[in-house]
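Examining the three-dimensional arrangement
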2 protein chains.
Amino acid sequence: MSQPSVHHDSFTIERTFAATPERVFAAFADPVKKRRWFVEGEGWTVDSYEADFREGGFERSRFRFNDGPEMTNETYYHDIIPGRRIINSYSMTWGGKRISVSLATVDIEPDGAGSRVRFTEQAVFFEGSDGVEGRRQGWTELIGKLEEELTTHP
Amino acid sequence: MSQPSVHHDSFTIERTFAATPERVFAAFADPVKKRRWFVEGEGWTVDSYEADFREGGFERSRFRFNDGPEMTNETYYHDIIPGRRIINSYSMTWGGKRISVSLATVDIEPDGAGSRVRFTEQAVFFEGSDGVEGRRQGWTELIGKLEEELTTHP
């Protein structure tokens, strides 16, 4: 029996933040804020980062962890509702090889004085990817960095 | 309890065709062939169709069924392996309103003298969409048209 060349999977992470929906949205929309929590970090080198946050715009970054191979992220924004919703698709490469293509939804709602955010990723993983559990772990770390961004840059 | 503004779902349709993987791939890659089975059809009016089939290229179409509202499809090609795999993301509008964003995988394998093809769609549906069952039905019809294209234009 033959095998498909890809593996499909998905996950949702739901979190609440003390920040308003407008502030959570701004952490994605403002390229200075987004770069700070999304690509910067201890041990990471950012080779390039460019963001055009609008429907039909691209965000492209190249980065590496310590002496590891270069990774790239190319994101295309399909659907944006300010303060409410962001839907993009993105592909990642590792050492020059494509490892995944994903459809990502950020769904933001008011929750008391703060926000409830659902991060949903529907993805196609290729050979050489660490698959859905690695991706979920990566997003869990990124959401922690987003929370730190919201706390330290009010 | 608040509700997300979107609904996520996915499906896979597996089919075998008498045509080789190269011929199935060409029905997606060649804009003359693709237009014939993907947007043309009895009762359909094609207002525009442009295709740039390459990684990083867009395919955009505007069409309507009988006197219905205009529908649009904007497709972005993330990953292409000739004769083997096509991964794109696409958004659809109906009467000027976005109804869905999808990640679509076409996985093609040899199967005897023909091909086995897995169509996988991972999608986000918005209010006003007929959801995953309508989309699966739409793809079932399109796959029938693809089969007709492979039979009538060998």
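In short, a report on the structure. Since the model is a prediction, treat every value here as computed from it, not as a measurement. All residue numbers refer to positions counted from 1 along the written sequence of the respective chain. Naming scheme: in the order in which they are written, chains are lettered from A and ligands are numbered from 1. Thresholds applied to this predicted model are a pLDDT of at least 70 for local features of residues and 80 or more for the giving and counting of side-chain atom pairs; totals over whole chains, interfaces and linings are not thresholded and use all residues. Side-chain measures were taken over the full set of non-hydrogen atoms in the model, leaving aside hydrogen atoms and water.

**Digging into the relation of the copies chain A and chain B**
Threshold: Superposition of the copies was done by least squares, using only C-alpha atoms of residues whose pLDDT is at least 70 in both. The criterion used for residue contact is that any of the two residues' heavy atoms lie within 4.5 Å.
Least-squares fitting of chain A to chain B yields an RMSD of 0.0 Å, with the superposition described by an axial translation of 0.0 Å and a rotation of 180°. A rotation of that kind, with that shift, is consistent with a two-fold axis. When the interface residues of chain A are mapped onto chain B, 100% of them are again interface residues, pointing to one common binding face.

**Examining the interface of chain A and chain B**
Reports of interface size often rely on the accessible area that becomes lost once the parts have come together. Counted only if it meets this: Counted as salt bridges are all cases of a side-chain nitrogen of Lys or Arg within 4 Å of a carboxyl oxygen of Asp or Glu. Polar contact is the term for a pair of N or O atoms within 3.5 Å; when the atoms are in protein, one must be able to donate a hydrogen and the other to accept it, and sequence-neighboring residues count only if both atoms are side-chain atoms. The helix and strand labels rest on DSSP assignments: H or I over at least four residues marks a helix, E over at least two residues marks a strand, and numbering proceeds from the N terminus.
Taken residue by residue, the interface counts 33 residues in chain A and 33 residues in chain B. Seen at the junction of chain A and chain B, the total is four salt bridges. Residue Arg98 of chain B is joined to Asp79 of chain A by a salt bridge in which the shortest nitrogen-to-oxygen separation is 2.8 Å. For the interface between chain A and chain B, the tally reads 17 residue pairs in polar contact (both at pLDDT 80 or more). Elements represented by at least two residues in the side of chain A that touches chain B include exactly β1 (7-17), β4 (71-81), β5 (85-94), β6 (97-111) and β7 (114-125) of chain A. It is β6 of chain A that contributes the most residues to the side of chain A that touches chain B, seven residues altogether.

**A short note on the layout of surface pockets**
Put simply, the rule is: Each cavity reported here is a set of points on a 1 Å grid over the protein atoms alone in which a 1.4 Å probe fits but cannot get out, each pocket an open set with protein on both sides within 12 Å along at least five of seven lines, and each lining residue one with an atom within 4 Å of a point. Grid points are joined across faces, edges and corners, and a volume is the space filled by probe spheres set on the points. Here the nonpolar group is Ala, Val, Leu, Ile, Met, Phe, Trp, Tyr, Cys and Pro; Asp, Glu, Lys and Arg are the charged ones; every other residue, Gly included, is treated as polar.
The computed volume of the largest pocket comes to approximately 930 Å³. Along its surface, the largest pocket is lined by 40 residues, and Trp44, Met71, Met92, Gly138 and Leu142 of chain B are the ones closest to its centre. Listed by contribution, the elements that provide at least two residues to the lining of the largest pocket are α2 (31-38), β3 (58-65), β4 (71-81), β5 (85-94), β6 (97-111), β7 (114-125) and α3 (131-152) of chain B. At eight residues, α3 of chain B tops the list of elements feeding residues into the lining of the largest pocket. Across the lining of the largest pocket, the residue classes tally to 21 nonpolar, 12 polar and seven charged. Size it by volume and the second largest pocket reaches roughly 710 Å³. Broken down by element, the residue count for the lining of the second largest pocket peaks at eight residues, all from helix α3 (residues 131-152) of chain A.

**Here's the deal with the packing of aromatic side chains**
Condition: By convention, a stacked pair of Phe, Tyr or Trp rings (six-membered ring in the case of Trp) has centres within 6.5 Å and planes under 30 degrees apart, an edge-to-face pair has planes over 60 apart, and any other such pair is tilted. Note on classification: 1.4 Å probe, protein chains only; a residue is buried when its accessible area is under 20% of the maximum for its type, exposed when over 50%, partly exposed between these limits. Here, a charge over a ring means that NZ of Lys or CZ of Arg falls within 6 Å of the ring centre while also lying within 35 degrees of the ring normal.
Here the structure, examined in full by the defined rule, presents 22 aromatic pairs over all chains. For the pair Trp37 of chain A and Phe38 of chain A, a centre-to-centre distance of 5.7 Å together with 80° between the ring planes defines the contact as edge-to-face. Both residues of the pair, Trp37 of chain A and Phe38 of chain A, belong to the buried class. Centroid distance Phe38 of chain B to Trp139 of chain B: 6.3 Å. Interplanar angle 45°. Geometry classified as tilted. Here the residue Phe38 of chain B occupies a position in helix α2, and Trp139 of chain B occupies one in helix α3, the gap between them amounting to 101 residues. Grouped by ring-pair contacts, the aromatic residues Phe28, Trp37, Phe38, Phe119 and Trp139 of chain A constitute a single cluster. Note that Lys34 of chain A overlies the ring of Phe38 of chain A, its terminal NZ or CZ placed 4.3 Å from the centroid.

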